[in-house]
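A closer look at the structure
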Amino acid sequence: MDVLGHLASGFGAALSPTNLMMAALGSLLGTLVGVLPGLGPTAAIAILFPLTTVLAPAPAIIMLAGIYYGAMYGGSTTAILLNIPGEVASVPTCLDGYPMAQQGRGGVALGISAIGSFFAGTLGVVALTFFAPFLADQALRFGPPEYFGLMVLAFTVIASLSGGSLVKGFAMAFLGYFISLIGLGPSTAEPRFTFNWGPLMGGVDLIALIVGLYAISEVFIGLEEERVAITQKIRNVFPRLADLREAFPAILRGTGIGFFLGLLPGCAPGVTVFMAYDVEKKLSKHPERFGKGAIEGVASPESANNATSSAGFIPLLALGIPASAPLAVLLGGLLVYGLQPGPLLFQKNPEFVWTVIASLYVGNVILLILNLPLIGMWVWLTRIPYGILGPVILLLAFIGAYSVRNSMFDVGVSFVCGAIGFFLRRHQWPLAPMLLAFILGPLLEKYLIQSLSMSGGNPLIFFQRGISLALIVAAALLLLTSLALVRYTRRRVKEETAEELAL
């Protein structure tokens with residue numbers, strides 16, 4: 001069956017009542033959590049992740065993808081109305097979105113953000129539809145050494161997820177890998193770092209770890225900061241024709257920059273949005289308007305943000321490489337359901353893959369329909385005191401951690417991880433490399449053991465096979481590229497916010 005045939009089949013499944021409801025519910029819940037001041041997409045997915053564990057794999061991943069998209073849009077709401085970026089990718093939106101809100105044009109900024117996000121997200125999914133299967137077909141010739149090279153390539157993402165310090169990033173990756181070793185060894189079934197304590201024999205549960213690191217630590221930070229919202233009246237969210245004419249070229253350029261850079265493993269939205277913003281400012285005939293409420297300054301980075309997010313699904317589904325922290329959490333979601341992202345996913349689970357891809361089209365439309373009329377409600381939600389929201393989120397997180405294995409041990413693990421996550425974030429230690437290494441570390445170990453078994457213990461096998469050698473060389477090149485991009489992003493964040501980069 002060709003791509004269009006598979007896609008038609010995927011739409012048939014994605015438009016079933018259950019999957020349609022999950023896409024709508026995910027978009028709604030993701031936006032709801034995303035608009036809460038200070039909460040970004042990663043925290044939104046972590047908080048809501050446990051709710052999906054009672055579902056079958058396809059509706060669960062559809063709901064998680066909807067949460068991701070919804071939270072991405074919700075982040076722009078707080079950036080424009082409150083001048084609070086939930087993550088680095090929303091910083092450029094603050095630069096012109098907040099001045100627009102101060103000028104009484106907050107509704108127009110939100111409307112352009114929604115339209116640009118829809119346009120970029122849809123184009124990104126179209127590219128995903130045709131490019132990901134091609135990439136997966138090329139990767140079907142992979143054996144254990146090639147998969148090991150792929151895991152090495154995936155680990156280069158750590159450089160872009162490390163925030164301001166590569167040393168801290170790799171230290172966190174080492175910690176994540178160490179935690180993944182706890183439990184029974186995959187090849188020997190021998191206990192590792194369990195101290196003969198029964199609950200540790202099953203290892204650390206992925207959901208408890210995610211909930212603790214991102215959801216519970218976020219509550220601790222929010223309560224400590226005593227987050228409050230400001231009032232903002234929204235009168236009209238539908239841009240005028242003149243606004244659309246002015247913003248459309250910026251949407252196109254932001255989409256192109258976001259998508260093509262987003263194909264590179266390790267190029268997160270936090271990088272592409274600054275590039276899109278800078279390009280737009282340099283091309284403008286009136287660059288002096290930027291930073292004072294230029295509509296292009298909202299349209300371009302928001303489009304780049306969503307285009308990069310959509311492009312990130314290509315390396316995630318075709319190669320198993322997450323390009324950002326939220327996608328690393330989504331990778332964890334796939335693994336929880338026994339689905340290994342990568343070349344074989346398209347071969348072994350075509351119905352699942354094409355249902356999810358088709359649902360991304362549906363989710364983009366639902367997001368546009370939901371967000372424009374409901375902007376007033378999202379604004380109202382930002383006014384709820386964090387003293388009320390925090391305990392509710394905490395309760396949901398504990399219930400979610402318990403519900404996976406009905407284990408109070410997992411609740412304790414999530415609380416401990418939350419406390420550790422709070423401490424680490426307060427001291428600018430990035431969490432995403434830790435999560436990535438926790439997920440990919442065991443796979444790296446598995447393919448290393450299999451490859452060395454094939455070669456009789458000779459490590460030169462990785463350099464004697466063309467594809468594995470190419471992947472290792474590509475990993476080295478991408479590491480250098482990521483380092484350059486991180487330096488660029490760090491400098492730009494510091495210029496615009498006078499703060500160090502923190503993810």
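Residues numbered from 1 in each chain as written. Predicted model: local features only at pLDDT ≥ 70, side-chain atom pairs only at ≥ 80, totals over all residues. Heavy atoms only, no water.

**Describing the nonpolar core**
- Counting 135 residues, the largest nonpolar core has Tyr214, Phe313, Phe352, Ile357, Leu435 and Leu440 as its most contacted members.
- For Tyr214, the contacting residues outside a window of four places in its chain are Thr42, Ala43, Ala46, Ala325, Arg425, Leu431, Ala432 and Leu435.
- Residues Ala89, Val273, Phe274 and Tyr488 belong to the second largest nonpolar core, which totals 5 residues. (Core = buried A, V, L, I, M, F, W, Y, C linked by side-chain atoms within 4.5 Å. Buried < 20%, exposed > 50% of the residue type's maximum accessible area, 1.4 Å probe, protein only. Contact = heavy atoms within 4.5 Å.)

**Side note on the confidence of the model for the chain**
- In the predicted model, the chain carries a mean pLDDT of 80, and the fraction of residues at 70 or more is 88%.
- Highest mean pLDDT in the chain belongs to helix H19 (residues 408-426) (89); lowest belongs to helix H8 (residues 157-160) (70). (pLDDT = per-residue confidence, 0-100. Helix = DSSP H or I, 4+ residues; strand = E, 2+ residues; numbered from the N terminus.)

**Concerning the packing of aromatic side chains**
- Taken as a whole and judged by the stated rule, the model has 14 aromatic pairs.
- Each ring, one from Phe119 and one from Phe248, has its centre 5.6 Å from the other, and the planes form 70°; the classification is edge-to-face. Of this pair, Phe119 sits in helix H6 (residues 106-138) while Phe248 sits in helix H11 (residues 241-262), and the two are 129 residues apart along the sequence.
- Ring geometry for Tyr147 and Tyr447: centres 5.0 Å apart, planes at 20°, overall stacked. Pair noted here: Tyr147 is in helix H7 (residues 144-155) and Tyr447 is in helix H20 (residues 432-455), with a separation of 300 residues, a long-range link.
- Accessibility expressed as a relative area gives 14% for Tyr147, which makes it buried.
- Grouping aromatic residues by their ring pairs yields a cluster made of Phe220, Phe398, Phe415 and Phe422. (Phe/Tyr/Trp six-rings, centres within 6.5 Å; stacked < 30°, edge-to-face > 60°.)

**Here we look at the environment of Pro341**
- Summarising the element assignment, Pro341 is placed in the loop between helix H15 (325-336) and helix H16 (343-348).
- Residue class for Pro341 comes out buried when judged on its relative accessible area of 3%.
- Dropping the residues within four chain positions of it, Pro341 is found in contact with Leu316, Leu317, Leu319, Gly320, Leu331, Leu334 and Leu335.

**Overview of the environment of Gly390**
- Here Gly390 lies in helix H18 (residues 386-405).
- Counting along the chain gives 170 residues from Gly390 to Phe220, while the straight-line C-alpha distance between them is 8.0 Å.

**Regarding the side chain of Ser309**
- With respect to the secondary-structure elements, Ser309 resides in helix H13 (residues 296-311).
- At a separation of 2.8 Å, a polar atom in the side chain of Ser309 contacts the main-chain carbonyl oxygen of Asn305. (Polar contact = N/O pair within 3.5 Å; in protein donor to acceptor, adjacent residues only side chain to side chain.)

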